[in-house]
Protein chains: 2
Amino acid sequence: MTGTKWVYSFGDGTAEGRAEMRELLGGKGANLAEMSNIGLPVPPGFTISTEVCTHYYAHDRHYPEDLDGQIAAALAAVEASVGARFGDPVNPLLVSVRSGARASMPGMMDTVLNLGLNDETVEGLATRSGDRRFAFDSYRRFIQMFGDVVLGVDHYHFEELLQEAKDDRDVTLDTELDAAALEELVAAYKAKVREERGEPFPQNPRAQLDAAIGAVFGSWMNQRAITYRRLHDIPAGWGTAVNVQAMVFGNMGQDCATGVAFTRNPSTGDAAFYGEFLVNAQGEDVVAGIRTPQPLTIAGKTASNDDAPAMEEVMPAAFAALMDIRATLEAHYRDMQDIEFTIQQGKLWMLQTRNGKRTAAAAIKIAVDMVHEDLIEKTEAIGRLDPAAIDQLLHPRLDPDAERVVLTRGLPASPGAASGVVAFSADEAEARSKRGEDVILVRIETSPEDIHGMHAARGILTARGGMTSHAAVVARGMGRACVAGAGDLRIDYIKRSLSVAGRQVLEGEEITIDGATGEVMIGRVRTIEPQMTGDFATIMEWADGMRRMAVRANADQPVDARAAMRFGAEGIGLCRTEHMFFEGERIVAMRQMIVAEDEAGRRAALDKIGPMQRGDFKELFEVMEGRPVTIRLLDPPLHEFLPGTDEEIEQVAAAAGVDVAVVRHRAARLHESNPMLGHRGCRLGITYPEIYEMQARAILEAAIDAGRSTGNPVVPEIMIPLVATRAELDLLKTMIDRVAGQVMEEAGETVTYLVGTMIELPRAALRAGDIAQTAEFFSFGTNDLTQTAFGLSRDDAGNFLESYRDQGILEQDPFVSLDRDGVGELVSIAVERGRATRPDLKLGICGEHGGDPASIRFCEEVGLDYVSCSPYRVPIARLAAAQAALATKIERDA
Amino acid sequence: MTGTKWVYSFGDGTAEGRAEMRELLGGKGANLAEMSNIGLPVPPGFTISTEVCTHYYAHDRHYPEDLDGQIAAALAAVEASVGARFGDPVNPLLVSVRSGARASMPGMMDTVLNLGLNDETVEGLATRSGDRRFAFDSYRRFIQMFGDVVLGVDHYHFEELLQEAKDDRDVTLDTELDAAALEELVAAYKAKVREERGEPFPQNPRAQLDAAIGAVFGSWMNQRAITYRRLHDIPAGWGTAVNVQAMVFGNMGQDCATGVAFTRNPSTGDAAFYGEFLVNAQGEDVVAGIRTPQPLTIAGKTASNDDAPAMEEVMPAAFAALMDIRATLEAHYRDMQDIEFTIQQGKLWMLQTRNGKRTAAAAIKIAVDMVHEDLIEKTEAIGRLDPAAIDQLLHPRLDPDAERVVLTRGLPASPGAASGVVAFSADEAEARSKRGEDVILVRIETSPEDIHGMHAARGILTARGGMTSHAAVVARGMGRACVAGAGDLRIDYIKRSLSVAGRQVLEGEEITIDGATGEVMIGRVRTIEPQMTGDFATIMEWADGMRRMAVRANADQPVDARAAMRFGAEGIGLCRTEHMFFEGERIVAMRQMIVAEDEAGRRAALDKIGPMQRGDFKELFEVMEGRPVTIRLLDPPLHEFLPGTDEEIEQVAAAAGVDVAVVRHRAARLHESNPMLGHRGCRLGITYPEIYEMQARAILEAAIDAGRSTGNPVVPEIMIPLVATRAELDLLKTMIDRVAGQVMEEAGETVTYLVGTMIELPRAALRAGDIAQTAEFFSFGTNDLTQTAFGLSRDDAGNFLESYRDQGILEQDPFVSLDRDGVGELVSIAVERGRATRPDLKLGICGEHGGDPASIRFCEEVGLDYVSCSPYRVPIARLAAAQAALATKIERDA
């Protein structure tokens, strides 16, 4: 490979690389080159490309032959630029060596500073800087860093010697050691290195450099880096670059400083310069926290009530230069930048720039502001927002300034913060809520019977269950805060108390939970309510203009539908009728139906439920004002509704007019080994057609009622769950059509309706062409489709999914982000075959994935018509759908 | 459609149709034509083709215009042939009208005899036959049949009148009614028809004929026929034919007779003419059972100790003619025939011939004999055997002559008959078996812990569970007779008794179960042992020469492997290691491992199990003498092994040296909502690698041991269950390779082994191309693949699958016969993608489908290398694989 360029120089207002060469030069190297190119003051240096790393590993850890010469040439250029020479005893060049991969990579060797120092050059540095202490402190730091990361001499050896030096002199701070002490420490360090390594600390600067470069490349294959790459799907073949750069010193006197800054406020997004600096300090001193950094601007000083003088005051010239650079960088990068700088003897040097991390609120403000500043296009503004981060803005959150006493921590299962009094049962939660109390429902785990209590509560806390447990899924659907699986929690239903490590909270006492962090706190912690106006509204409006897919919400009850409308849902993609059966009197009638031994018994119970269902649907249709509403007929295994306690059994027996023993026997017979794969979904509709008949009638009658009351004609979409064969759908559609005929005749009015199906079983996906002969729409139930494609129960996966992620077998929980390779192929197949049969087939998704940005991107790619998610994720979905449309368009155009 | 031929004549040694025209003429019509063509005496007649039926329904129940003329012409030809005229008062032609579809179709109108009789022609018949009683009996029968099936006058009306006539005359038998009585009865019948229909019984013979033809076509669309077609996948478009044929009478005097015969013995297959006849009788008299039929041959008479004279003796001329016809038919049809004949005044007439139904034993003997007689080719012999029927021959069966007292009936869950003393627990069964008793294990339902008792028992009887319950599946695997789900059975474990409707059987008392019929009998009923020699062995040898796929057995233990070898298995396709853990001391160690809180605890328990596993595998390898053995690593959810009773928990706590409460707590934590989709299969191997390590080590060490002891090198196939992603397999294969390296180093010997996977999840099927990068073989686990593709738990499907089959949603239980459309497509995809990655990928199937002929046919079509099934189904699979190879070859050649 002779002739390949391995080394790229930068500095002095020019560079061989540029920002777009990130793959070759790594993020840091590319940005150093870019800053040089646009004339910013960057200490000169060079980047050894990622191709060297690749070559190194492809050739049994040997470098390309001509690398050595290219490094020598680049080094000579740096010497010429700085006017100092590597290893020169009088005027030595010192350099830093840093790794720099394409993506940020914790676990790799990071930095060696002050490289080039040895027993001779340290004297030159002392003389030239006029500060012997500074020179030996620099040498001491170099040996320590180099010893640790290059030579593999454990860090604690140096820490021990440093401590001994301080003990000997009876001082506590490193800064209290004088030049003589540091000189002795350097000698001790070198002796330790010789002892550990069996050879002296290297004195040849070029040998030091080669060893440091080798250590960076070597660290690419250390265990931590390998694990990190596996977890983040970074190919080993990418390799890392190495940056070698002339040292500048912020710690050479009072005209020196070092600092970090954001070009805008990363917390609020305000277009104000934001950061801090330290006079006479090196970068690591800021991190070490020994001295308190000072504000950059006078405005910043005022805002934070800081007494220390701002840079604007003490170093006005350097500050002015920095403000110019800030403007240059933002105009150039067209995004908020996170920068590092050093001032050496009054001269400003830029050491790093990169796009700055920011809060969701700041991200939105910056994006909107930059559009208004004509820095970026609207599509760019939309494209760079992280939809998942938006979630923070849609729920109340803890006031960051409020004090808190953390009791324990669980999984951050549903975002938002909530305070309230503890209630240990759903009934108690409901009762307290009716009395006007804010309630946190606390359960070991929740079940469908707790729904009314979850609705009544502001937040839910459980001791068991994972991110996809019942509590978590339902809470996310309802937009309630939830902390799940707080394993340290001891809950005693008898004493009505919870405790963690001896600290007890009784029913009626206040706690606060933060569903975004998983924290559980004692007492009430102040929260901030979400705002969906201003910049947020602007972003949503832009996103709506860019997306192709509609966004619907999963909403079971009118209160959910109202939330969905508030968040901008364009319809309901999934109304689960089973949740309607758990409230008040209904559950008794429902149980009566289930334990009935024959059709007559079931019909008697259904006659009680029918009018309630009709009322529910009517209200739902009215809220949605004619927008499409997809209603799924009864789906879950019947035994979920079974009476459990003796009291419940007696209640049902009384309602049904049968003996308690009959109810008990029937309940036992309904037990299933694998209810997820059992007698549920359309199987219920086929074995007990009277249930679906009642539901179809309630839907169609409600549609007519709501159409009359609002003047908005309703076109209900009746959805049959868990279809595996077309024959099931044929049978049930015939039944629905028959009922519809009766209803219309009775009402003297026609109502348009669609009959479709969930595609939630692999067989249904494969047979989609056949099923679409009958189905007028498909809604992908990707929760169940994931369960069946993987053979993986959501409820039970907690036992091993964690281990799977730790070992890198699954990058992501497939219940959170749709598995493109497997489940995704089933969806693609179904889309293709379904549309081949029925070109106007309406296609949507209603699993939890409907609110996940990566999954929404997939839905756009396969051409679904809409996504449906929980009301509180609708804005996320709107943004993600816009991004998906933009990205897919770009791919198509490419 | 003018010009179409709708009507096909036959008789007088010629015919317009032939045997191959079954689709057009139906089975009966085609064979009547064929018999005419080969010169057999067939009463002349004609067949109205199935196209008329199709036309009739395609044109709103109107006939083709030119049909009427074609019927008239065909009828005239019959008149000419017989020398009688339809409706002629002196010499009337009488005809029969019968339906005749392509496939036998219960539920359709069957037969009207004596059509053409009316008040005038009955007198002509009386005069010409010289038997007035005969004439009026014929007329009476005609009105009854025609009234019932054509006019829709309910059968019971005629029965009542007939009973009244007998009561009036104080007689008990129809035959005791004289001519005058029958004449009165005819009048009463006609009056009843007029009363019910509002119009007189039709007197015009042609109108009678048209109405009968219309009734046949009409019955094609009656509810019973529609249901039957749906259940048997017969398209409505096939239609039925109608056969109209001159009547011949076996009841005109002592020189008349009627009979049925098989050209060979349908029970044994012996090449002896076999049948019975009645002098002076009509066909229906044989069925009515009023008179005892006589044997055909002197040999038959001797064999059955019959006193009545044989046809060979009393009608030697007709008998000789019949023997000639027998030879002609067999030579022509090249199969055993089931015939009906009538002798009218000494003249023999053939009314029907068709391939005769026969027992499995007879089928085999006839097929072998016919090859030896040069009647058929070997491929034909193999092709016409029903593999499923062979099952009867592989198990002991009840002596058909033995008396029996049937106690109750359950599902015929695993074939074979078994007698023994009742035992109500696995331990009791084992103890009694060790004492030399034959045992029937009786349980409400079985669980994996009953395995040792099931092994010890001759048969298993359960009160609960379906055809795919644990008891049924395991019993079939072990070749034990099993009657499952005998719902009337009351089992009392405390009193140690079972009872049905008050009849009680105590532990230790004998019962007999017949797994082929589901019958449960009191006491010991004599059984016959299976023979796998002689003709059976010949058939198997021929089949082996014709098949492409290998046949392996699913065998978990040496005793199963020995059975597999006896039945001709060429290897083990599935050795489930979990069954090995339930025996004796092992279950305690296994439980100790499961409840261990950490790896050290698990390893301590595994150290006890390892040597036992190694011993099991060694013996298995030795039995198989170097044939391939696929061993599946631990698969089921751990909680299946959990201790249940207090005693078991104490035992485990003692073995593990922990507190009882710890065991109880851990057991509770292992509970799963959907264990089928839970922490099982390779998920166990990934979370607890020490388990799979132990198993891999045991397998590889055993392979080396067995190779040494037998001189047959063993190439074990290590199978990883429940793989959903390639990463799982990668991880585990790496582990196995590491263990293998250690084992080989320790043994100083290399062992070749394969690592592969079950394809039993939809995702694995789709990702087969990727998985085959690592897997060296695939074994399709179609049980789980069916469960996940359909989202259907085998254990729970009983609640609704029956209803699904009744309503025609599923033609077959997809756990019995592989669902080609859905599960089959997943298999095809996996085969294609797997082979694309690795052309020499070894492919097999090890689900229950591996023993189902239709599924085996599918396996041949997609090109699997082998099927694996329970040892007792190996011969069935060998035959089915041969047939599949033949059929696929024929399709390819076509």
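Everything here concerns the structure above.
This section reports on the structure supplied with the text. (Residues numbered from 1 in each chain as written. Chains lettered and ligands numbered in written order. Predicted model: local features only at pLDDT ≥ 70, side-chain atom pairs only at ≥ 80, totals over all residues. Heavy atoms only, no water.)

## Quick notes on the packing of aromatic side chains
Put simply, the test is: Only rings of Phe, Tyr and Trp enter the pairing, Trp through its six-membered ring, and a pair is recorded when the two centres are within 6.5 Å. The plane angle decides the type: under 30 degrees is stacked, over 60 is edge-to-face, the rest tilted. Helix and strand assignments follow DSSP, with helices taken as H or I runs no shorter than four residues and strands as E runs no shorter than two, numbered in order from the N terminus. When accessible area is computed with a 1.4 Å probe and restricted to protein chains, residues below 20% of their type maximum are described as buried, those above 50% as exposed, and intermediate ones as partly exposed.
Evaluation of the coordinates by the stated rule reveals 29 aromatic pairs over all chains. Ring centres 5.4 Å apart and planes at 55 degrees place the aromatic pair F142 of chain A and F146 of chain A in the tilted group. In this pair, F142 of chain A and F146 of chain A are both assigned in helix α5 (residues 132–149), 4 residues apart and thus about one turn of the helix distant. As far as burial versus exposure is concerned, F142 of chain A and F146 of chain A are alike and both buried. Look at F800 of chain B and Y804 of chain B: their rings are 6.0 Å apart centre to centre, the planes differ by 65 degrees, and that puts the pair in the edge-to-face class. In this pair, F800 of chain B and Y804 of chain B are both assigned in helix α32 (residues 798–806), 4 residues apart and thus about one turn of the helix distant. Exposure remark for Y804 of chain B: the relative accessible area of 3% places this residue in the buried category.

## Some words on the relation of the copies chain B and chain A
To keep things clear, this is the line we draw: A least-squares superposition brings the copies together, and it is based on the C-alpha atoms of residues with pLDDT no lower than 70 in both. Pairs of residues are marked as contacts when any of their non-hydrogen atoms sit within 4.5 Å.
Under the fitted operation, chain B is carried onto chain A by 0.1 Å of movement along the axis and a turn of 179 degrees, and the coordinates agree to an RMSD of 0.3 Å. Such a combination of turn and shift is consistent with a two-fold rotation axis. Most of the interface of chain B is mirrored in chain A, where 100% of its interface residues are also at the interface.

## A look at the pairing of strand β10 (residues 274–279) of chain A
All names here are of chain A. Heads up, the condition is: Paired strands, as defined in this entry, are two strands with at least two bridges between them according to DSSP.
Looking at chain direction, strand β9 (residues 257–262) and β10 are connected through 6 bridges and run antiparallel. Paired with T258 across the two strands is L278, which belongs to β10. As judged from the 2 bridges shared by β10 and strand β11 (residues 294–295), these two strands associate in the antiparallel manner. Residue pairing across strands places E276 opposite P295, the latter belonging to β11.

## Comments concerning the packing of helix α23 (residues 599–624) of chain A against helix α27 (residues 689–710) of chain A
Residue and element names in this part refer to chain A. The line we're drawing: Fitting a line to C-alpha atoms yields each axis, with helices limited to the stretch in contact; the angle taken between N-to-C directions then spans 0 to 180 degrees. The labels follow the angle: roughly parallel below 35 degrees, roughly antiparallel above 145, roughly perpendicular from 65 to 115, and oblique for the rest. Helix crossings fall into two classes, left-handed where the near helix is turned counterclockwise from the far one by less than a right angle and right-handed where it is turned clockwise. Gly counts as polar in this scheme, as do all residues outside two lists: the nonpolar Ala, Val, Leu, Ile, Met, Phe, Trp, Tyr, Cys and Pro, and the charged Asp, Glu, Lys and Arg.
Interhelical geometry of α23 versus α27 gives an angle of 30 degrees and a closest axis separation of 7 Å. Here α23 is positioned roughly parallel relative to α27, judged by the angle of their axes. The handedness of the crossing between α23 and α27 is right-handed. Of the residues in the contact of α23 with α27, the class split is 11 nonpolar, 5 polar and 10 charged.

## Here we look at the packing of helix α24 (residues 646–656) of chain A against helix α25 (residues 660–669) of chain A
A packed helix pair is summarised by two numbers, namely the angle formed by the two axes and the spacing between the axes. Residues and elements named next belong to chain A. Put simply, α24 and α25 touch, their axes get as near as 8 Å, and they point 110 degrees apart. By the angle between their axes, α24 is roughly perpendicular relative to α25. For the crossing formed where α24 meets α25, the hand is right-handed. For the pair α24 and α25, the contacting residues are D646, I649, E650, V652 and A653 in the first and V660, V663 and R664 in the second. Considering only residue class, the contact of α24 with α25 consists of 5 nonpolar, no polar and 3 charged.

## Brief notes about the sheet that holds strand β2 (residues 14–15) of chain A
All names here are of chain A. Spatially, the 6 strands line up as an open sheet ordered β2-β1-β3-β8-β6-β7, and their pairing is antiparallel. Every interior strand has two partners, whereas the edge strands, β2 and β7 (111–115), have only one. In this structure, strand β3 (residues 45–48) lies alongside strand β8 (residues 240–246), joined through 4 bridges in antiparallel fashion. What sits directly across from G45, in β8, is Q245. Against the sheet, helix α1 (residues 22–37) engages β1 (7–11), β2, β3, β6 (95–101) and β8, with an angle of about 120 degrees to β6.

## What about the side chain of S129 of chain A?
All names here are of chain A. Put simply, the rule is: Polar contacts, as counted here, are pairs of nitrogen or oxygen atoms within 3.5 Å of one another; within protein the pair requires one atom able to donate a hydrogen and one able to accept it, and residues that are adjacent in sequence qualify only if both atoms are side-chain atoms.
By the element assignment, S129 lies in helix α4 (residues 121–129). Under the relative-accessibility criterion, S129 is labelled buried at 17%. A distance of 3.4 Å separates a polar atom in the side chain of S129 from the backbone oxygen of A126. What S129 contacts, discounting residues up to four positions off in sequence, is F134 and M252.

## Some points on the interface of chain B and chain A
Where we set the bar: Using a 1.4 Å probe, buried area is obtained as the accessible area two parts lose upon being combined, added over both of them. Counted as salt bridges are all cases of a side-chain nitrogen of Lys or Arg within 4 Å of a carboxyl oxygen of Asp or Glu.
The interface of chain B with chain A comprises 45 residues on the first partner and 45 residues on the second. Counting the surface lost from both chain B and chain A, the interface buries some 4,100 Å², and carbon and sulfur atoms represent 56% of this. Three residues stand out in chain B for area buried against chain A, namely N674, L677 and R763 of chain B, and they jointly supply 15% of the buried area on that side. Notably, a salt bridge pairs R833 of chain A with E825 of chain B, separated by 2.5 Å at the nearest N-O pair. Joining chain B to chain A, the criterion identifies 22 residue pairs in polar contact (both at pLDDT 80 or more). Of all the secondary-structure elements, those providing two or more residues to the side of chain B that touches chain A are α26 (682–687), α28 (726–747), α29 (762–766), α31 (782–790), α32 and α33 (820–837) of chain B.

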